[in-house]
Amino acid sequence: MSKSKKTLIAVIVLIALCAAAFCIWYLCGPSKDASSGEKQICVTVVHADGSRKQLTVSTDEQFLRGALEKEELISGDESQYGLFVTTVDGESADSAKQEWWCFSKNGEMLSTGVDDTPIADGESYEITLTVGYDG
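**With respect to unusual backbone geometry**
- In this model, Gln-98 sits at a positive phi of 55°, which is unusual for a non-glycine residue.
- Along the chain, the position of Gln-98 falls in the loop between strand 5 (91–92) and strand 6 (99–105).
- Residue classification places Gln-98 among the partly exposed positions, given a relative accessible area of 35%.
- With phi around 50°, Asn-106 is a residue other than glycine that occupies positive phi space.

As structure tokens, then:
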């Protein structure tokens, strides 16, 4: 067999393997349904009365704010640092009573705001109505 025939066969086999790999990825790869999202996070809201609401959020968003806003779970006031969350799940914090929403991830208080908190699949967040500004 000549060298050119071997090269041609190798190229054809390579193209066939690439096509097969693409077909497998397309059929078995990431979901094409945009509504399902590529990440799922667990969010627990702890209200002033101690009641808890747990949600599973599916999202394609990169940051916590986008995921929670799409669920219409948070709202607040814009500042130079991003969104200052004042309302969660329909309950508003009362600044006259020194109430504020504390965001934590896996039991640890976040040191970033919702605009700057990246999310990954399987993470758990808790949003708790907290009273008092003292550390």
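Once you've had a look at it, read on.
**Brief notes about the side chain of Glu-99**
- Note on placement: Glu-99 falls in strand 6.
- In this structure the side chain of Glu-99 is engaged in a polar contact, spanning 2.8 Å, whose partner is the backbone nitrogen of Asp-94.

**Examining the sheet that holds strand 6**
- Read across the open sheet, the five strands follow the order 2-1-8-6-7; overall the sheet is mixed. In the strand order of this sheet, the two ends are held by strand 2 (52–59) and strand 7 (108–109), each with one partner.
- Pairing of strand 6 with strand 8 (residues 124–131), which is carried by seven bridges, proceeds in the antiparallel orientation. Counterpart to Phe-103 in the pairing with strand 8 is Ile-127.

**Examining the pairing of strand 4 (residues 82–88)**
- Extensive coverage of strand 4 is indicated by the burial of five of its seven residues.
- By the bridge criterion, six bridges tie strand 3 (residues 74–79) to strand 4 in an arrangement that is antiparallel. Bridged to Ser-75 within strand 4 is Thr-87.
- The hairpin turn running from strand 3 into strand 4, its antiparallel successor, is two residues long.
- What sits between strand 4 and strand 5 in their antiparallel hairpin is a turn of two residues, with Asp-89 showing a positive phi close to 50°.

The rules behind these values
Residues numbered from 1 in each chain as written. Predicted model: local features only at pLDDT ≥ 70, side-chain atom pairs only at ≥ 80, totals over all residues. Heavy atoms only, no water. Helix = DSSP H or I, 4+ residues; strand = E, 2+ residues; numbered from the N terminus. Buried < 20%, exposed > 50% of the residue type's maximum accessible area, 1.4 Å probe, protein only. Polar contact = N/O pair within 3.5 Å; in protein donor to acceptor, adjacent residues only side chain to side chain. Pairing = 2+ DSSP bridges.

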